[in-house]
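Inside the fold
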Amino acid sequence: MPGIDECLLQAMVVPGARGASIVDWTSGLALGTVGETPGGDHEATAAETAELARMAAEYPSFAPDETHETHEPGGAKGLPVEDLIVTTRTGYHVMRFVETTFDSSVFLHLWLDRDTGNLALARLRLADLAERLVLG
């Protein structure tokens, strides 16, 4: 079960990966970063991606009838959105929400080069990492 640093390094193994981070979407703070970032500022990128993640996680348009309590131990509230993908002219931004035992306000962000990146593999890798990530 990887921690933050190991998780980010494993994310960077995805073909075309340019940068990765783990972000708290309620505060917009990066809990960890590795590699490059658009604009060269990890904290600004974390805050900007957190805004997008917050909208997707909180707006009812993206969470139809799935915001009820789940049947998980402890009554943890399940996240209605699994991941977000933003496509730009030069790359992809994949944001994968991480379910935690506390408040599930964390996501993995992977920035991929559009020419060399593998979007399908990135989604699969981030899903696996999000499931195994240990925060604490």
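My aim in this report is to walk through the structure given alongside it, one point at a time.

What counts and what doesn't
Residues numbered from 1 in each chain as written. Predicted model: local features only at pLDDT ≥ 70, side-chain atom pairs only at ≥ 80, totals over all residues. Heavy atoms only, no water. Helix = DSSP H or I, 4+ residues; strand = E, 2+ residues; numbered from the N terminus. Buried < 20%, exposed > 50% of the residue type's maximum accessible area, 1.4 Å probe, protein only. Contact = heavy atoms within 4.5 Å. Areas by Shrake-Rupley, 256 points an atom, 1.4 Å probe, with all protein chains shown as cover. Phe/Tyr/Trp six-rings, centres within 6.5 Å; stacked < 30°, edge-to-face > 60°. Arc of directions from axis to C-beta. Expected span 1.5 Å × (residues − 1). Polar contact = N/O pair within 3.5 Å; in protein donor to acceptor, adjacent residues only side chain to side chain. Pairing = 2+ DSSP bridges. Axes fitted to C-alpha atoms, helices over the stretch in contact; angles between N-to-C directions.

Let's talk about the overall build of the protein
- On a plain count of helices and strands, the protein comes out with three helices and five strands.
- Written out in order from the N terminus, the α and β elements of the protein read α-β-β-α-β-β-β-α.
- Buried positions account for 43% of the 136 residues belonging to the protein.
- At a minimum sequence separation of 6, the contacts of the protein that also span at least 24 residues come to 51%.
- Only carbon and sulfur atoms are counted for the fraction: they give 53% of the accessible area of the protein, which is about 7,500 Å².

Let's talk about the packing of aromatic side chains
- Counting across every chain of the model gives two aromatic pairs.
- An angle of 80° between the planes, with centres 6.4 Å apart, marks the rings of W25 and F97 as edge-to-face. With a gap of 72 residues between them, W25 in the loop between β1 (17–24) and β2 (29–35) and F97 in strand β4 (residues 91–98) connect regions that are remote in the sequence.
- According to the relative accessible area criterion, W25 is buried, its value standing at 7%.
- Between F97 and F107, the ring centres sit 6.2 Å apart and the planes meet at 50°, which makes this aromatic pair tilted. Highlighted residues: F97 in strand β4 and F107 in strand β5 (residues 106–113), separated in sequence by 10 residues. Comparing F97 with F107, the two get one shared label, buried.
- Feature note: the residues W25, F97 and F107 constitute an aromatic cluster, connected by ring pairs.

Observations regarding helix α1 (residues 4–11)
- For α1, the complete set of buried residues consists of C7, L8 and A11. The buried residues of α1 occupy one face: seen down the axis, they fall within an arc of 95°. Opposite its buried face, α1 presents the exposed residues D5 and L9, each directed more than 90 degrees away.
- Here the buried face of α1 lies against β1, β2, β5 and α3 (119–132).

Regarding α3
- Taking 1.5 Å per residue as the helical rise, α3 with its 14 residues ought to reach 20 Å, and the 20 Å between its terminal C-alpha atoms agrees with that figure.
- The secondary structure elements touched by the buried residues of α3 are α1, β4 and β5.
- For α3, the capping residue at the N-terminal end is N118, with a side-chain oxygen 3.3 Å from the backbone nitrogen of A120.

A short note on the sheet that holds β1
- In space, the five strands of this open sheet follow the order β2-β1-β5-β4-β3, with antiparallel pairing throughout. Since the sheet does not close on itself, it has two edges, and those belong to β2 and β3 (83–87), each with one partner. Mean inter-strand twist for the sheet, computed between neighbouring axes without regard to direction, equals 15°.
- Of the strand pairs in this sheet, β1 and β2 are connected by six bridges, and their pairing is antiparallel. Bridged to I22 within β2 is G32.
- Relative to β1, α1 is tilted by about 150°, and along the sheet it contacts β1, β2 and β5.
- Against the sheet, α3 contacts β3, β4 and β5, and its axis sits at roughly 25° relative to β4.

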